[in-house]
Amino acid sequence: MGLAGFTLADRLGAKSSPCSVPGCTRTWLSMASAQKKMSVKLGGRGAADPKDPASSMCDPCREAYAKTTDVERPCDRPGCAGTWTWPVMQQMEAFAAKRPAPAGLCADDEARLAALADKPIPCAVPGCKRTSVFTRRAQLLAGAPEVEPSLPIQRCGQCEGVFRKLKDRPVRCGINGCDNKWTWPALEQIEAYANGLPNDPPRRMCERCQADFGAIADREVRCRSSGCKKTWTWTRSDQLDACVGGKPTPKAPHRMCESCAGIYRTLQDVERPCRRSGCKGTWLDKRGGQLARIVRGKTGDPYPQYCDNCAKDVVELEDRQIPCKTDNCTGTWTWTKAGQLAAGVRPELKEGQGEAEGGEGGSRGTIASTVADVAAAAAVAAGVLPEAAATRVGKNKKKKRRRVIKPPEKRCQDCLEFLTDKKTLEIPCKQCATPIYWPPESQLQTHLGAWAEPSLCGACKRDAMEAARNAEREALRHNPPIGAPAERPAPAPETPPDPAPAPPADDSANA
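All values reported here derive from a predicted model rather than from experimental measurement.

Rules used throughout
- Each chain has its residues counted from 1, running along the sequence as written.
- Reporting of local features is limited, given that this is a predicted model, to residues whose pLDDT is at least 70; pairs of side-chain atoms are given and counted only at 80 or more, and all residues count toward the totals for whole chains, interfaces and linings.
- Hydrogen atoms and water are omitted, and side-chain values are computed over all heavy atoms in the structure.
- We count a stretch as a helix when DSSP gives it H or I for four or more residues in a row; a strand needs E for two or more, and each element gets its number in order from the N terminus.
- A contact between two residues is defined here by any heavy atoms of the two lying within 4.5 Å.
- Values of accessible area rely on a 1.4 Å probe in the Shrake-Rupley scheme; residue burial ignores everything except the protein chains shown.
- Any Lys or Arg side-chain nitrogen located within 4 Å of an Asp or Glu carboxyl oxygen qualifies as a salt bridge.
- The buried label applies to any residue whose accessible area, calculated with a 1.4 Å probe on protein chains only, is under 20% of its type's maximum; exposed applies above 50%, and partly exposed to all values in between.
- Pairing of aromatic rings covers Phe, Tyr and the six-membered ring of Trp, with a centre-to-centre limit of 6.5 Å; geometry is then stacked below 30 degrees between planes, edge-to-face above 60, and tilted otherwise.
- Each ring is checked for a lysine NZ or an arginine CZ that lies within 6 Å of its centre and within 35 degrees of its normal; such an atom marks a charge sitting over the ring.
- For our purposes a nonpolar core is just a set of buried Ala, Val, Leu, Ile, Met, Phe, Trp, Tyr and Cys residues, chained together by side-chain atoms within 4.5 Å.
- As a rule, the C-alpha atoms of each element are fitted with a line to give its axis, helices using only the stretch in contact, and angles between N-to-C directions run from 0 to 180 degrees.
- Convention used here: angles under 35 degrees read as roughly parallel, angles over 145 as roughly antiparallel, angles from 65 to 115 as roughly perpendicular, and any remaining angle as oblique.
- Left-handed is the label given to a crossing in which the near helix is rotated counterclockwise from the far helix by less than a right angle, and right-handed is the label when the rotation is clockwise.
- Amino acids are sorted into nonpolar (Ala, Val, Leu, Ile, Met, Phe, Trp, Tyr, Cys and Pro), charged (Asp, Glu, Lys and Arg) and polar (every other residue, Gly among them).
- Any pair of nitrogen or oxygen atoms within 3.5 Å is treated as a polar contact; in protein, a donor-acceptor pairing is required on top of that, and neighbouring residues in sequence qualify only through side-chain atoms on both sides.
- What the arc covers is the set of directions going from the helix axis to the C-beta atoms.

Caption draft 1: Just the overall build of the protein chain, in detail. If you tally the helices and strands in the protein chain, you get 19 helices and 16 strands. Restricting the contact set of the protein chain to residue pairs at least 6 apart, pairs at least 24 apart contribute 46%. Just so you have it, the protein chain exposes about 36,800 Å², and 53% of that area is on carbon and sulfur atoms.

Below, the structure is given as structure tokens:
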């Protein structure tokens, strides 16, 4: 303390000034320029110099400023090899606030960032209709504008502020007489807040009651109708009413949704004809099947089915392997039971059944023949029918022949696959280069090893055969077989012979 309340620093013109670095809370001491030497000894400095930024900094910032230079830092965008400059003053701000180095973008990415715009995205909380912002920088880091980034999942500002204040709440068990508690998580609380519900917890059970009765809550149960994806709600109260103490929770009942129940009440069972042509039987199209088709969006008549008798015959029939219709092929194709039934094939009778039906048929045939013979004899005795005519009546009885159903002619799967992509080939003749057309069926025979691929066209084959025959004739003429009469020489012509005819035109091009 100096005289009259003034200190030595006051007399020397000392002044405490805040550090000029933003974020720094320290100060530095400045004194009048007249007492410069004294101020230096006392730890002070002169007035701040506008040209020297360090003159208005505190001592720690001043020391850091003297050691700091502009730094080139890598770009923050993933995959970018560019850099950006971190200036000294920004480094001083980070030093004063004790913050780490910030993330920056290179010049090219800054240009890309300027071309982008913030996007609103829906809040991630179910039931909230507010939006949050997908910033330009986040889009750039996600790959924009080269790639359209997917929208992130995040809460809006209001939901995020409320969620930070929420905590998991212990709530008393919803079963009467139970004093245990269950936990209402914060995620469910924020969902109730977003839907505008009061801050009252739902009725639930503790862990012990859940172990005894299961998790009882409103459940969406699948509609019992086949093909229907709708549900009906099995309420919590109905489940609690269905629960019995000491017994497990019952299963959900089989019910229809409201729409299926309304449609089902308007339907009736319908008799429909058998799918086999010529059969007069019917099958029952039930209401449940009609409802299933309506649910799947199918209109019109259902897929045809067999009547009871035809369905029994199909079960008794067996698939048959039929030889391929292609010559020289050893493969087979399957004649299905349905195909046999449609063609008129019937299952063979069993031994007991055949004997019984055969005996009954034989007895019927015997009775019928006896009646016919008696009637013919009576007609002859009465003189109405001559004896020869009566004999003719007995002879004209025709036996009923059993119709033999032959399977259709088809190719096996190997032949069909071979012919699928085959086209007619044009094979050039080895002598005249005339194209020889080789169809797929002939190629199949070549593939089976029955035929050989042609090498000469028809005209060349004809010429070759004629040449061979002429050679044989010449050989026989010059070397006749033993015992054959010698060929007489031709008489000399009296008149000069006609000029030799012109050689025939080449027919290979027209072959």
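Caption draft 2: Here's a closer look at the pattern of salt bridges. Applying the stated criterion to the full structure yields 13 salt bridges. Between Asp285 and Arg293 there is a salt bridge, with its nearest N and O atoms 2.9 Å apart. Residues Asp285 and Arg293 agree in their burial class; the two are buried. A salt bridge links Glu474 to Arg477, with the shortest nitrogen-to-oxygen separation between them at 2.8 Å. Here the residue Glu474 and the residue Arg477 both occupy positions in helix H19 (residues 458–478), the gap between them amounting to three residues, near one helical turn.

Caption draft 3: The packing of aromatic side chains, seen in detail. What the rule picks out here adds up to one aromatic pair. Here the basic side chain of Arg155 rests over the ring of Phe163, its NZ or CZ set 3.9 Å away from the ring centre.

Caption draft 4: Summary view of the nonpolar core. With 13 residues, the main nonpolar core has Cys274, Tyr306, Cys310, Trp335 and Leu341 as its most contacted residues. Among the secondary structure elements, those contributing two or more residues to this core are helix H13 (308–316) and strand E14 (332–335). Excluding its chain neighbours within four sequence positions, the residues that come into contact with Leu341 are Arg276, Tyr306, Cys310, Asp313, Val314, Leu317 and Arg346. Counting residues in each nonpolar core, the second largest holds 10 residues, with Met57, Cys61, Ala64 and Val88 among its members.

Caption draft 5: Focus on helix H12 (residues 287–295). Within H12, burial applies to Gln290, Leu291, Ala292 and Arg293. Those residues of H12 hidden inside the fold are in contact with helix H11 (258–264), strand E11 (270–273) and strand E12 (282–285). Gly297 occupies a position one or two residues after H12 and carries a positive phi of about 80°.

Caption draft 6: Up close: unusual backbone geometry. Here the bond from Ala144 into Pro145 is cis, since omega is 0°, no more than 30 degrees from zero. Topologically, Pro145 is positioned in the loop between helix H6 (136–141) and helix H7 (157–165).

Caption draft 7: Here's a closer look at the environment of Pro102. Looking at the secondary structure, you find Pro102 in the loop between helix H4 (88–97) and helix H5 (107–115). Through-space distance from the C-alpha of Pro102 to that of Gln91 is 9.3 Å; in sequence the pair is 11 residues apart. The contact partners of Pro102, leaving out residues within four places of it in the chain, are Arg73, Trp84 and Trp86.

Caption draft 8: A look at the packing of helix H17 (residues 413–420) against helix H18 (residues 440–448). The contact between H17 and H18 brings their axes to 10 Å, and the two run at 125°. One element, H17, and the other, H18, form an angle in the oblique class. In this structure, H17 meets H18 at a crossing whose hand is right-handed. Residues Cys415, Phe418 and Leu419 of H17 touch H18, and the partners they reach there are Pro440, Glu441, Gln443, Leu444 and His447. Looking at the contact of H17 with H18, its residues break down into five nonpolar, two polar and one charged.

Caption draft 9: Layout of the packing of H7 against helix H8 (residues 186–194). At their nearest, the axes of H7 and H8 sit 10 Å apart, and the two run at 140° to each other. If you check the angle between H7 and H8, you find them oblique. Read as a crossing pair, H7 and H8 show a hand that is right-handed. Mapping the contact onto sequence places Gln158, Cys159, Val162 and Phe163 in H7 and Ala186, Leu187, Ile190 and Tyr193 in H8. Classifying every residue of the contact of H7 with H8 gives seven nonpolar, one polar and no charged.

Caption draft 10: Looking closely at the side chain of Gln290. You can see Gln290 is positioned in helix H12. Only 3.0 Å separates the side chain of Gln290 from the backbone oxygen of Asp285, close enough to count as a polar contact. The contact partners of Gln290, leaving out residues within four places of it in the chain, are Leu267, Gln268, Asp269, Val270 and Asp285.

Caption draft 11: Structural view of H13. Of the residues making up H13, those classed as buried are Cys310, Asp313 and Val314. Along the axis of H13, the buried residues cluster in a sector spanning 100°; they form a single face. Pointing more than 90 degrees away from the buried face of H13 are the exposed residues Asp308, Asn309, Lys312 and Val315. Against helix H14 (337–343) lie the buried residues of H13.

Everything listed here is a matter of coordinates, which is why it stays silent on function.
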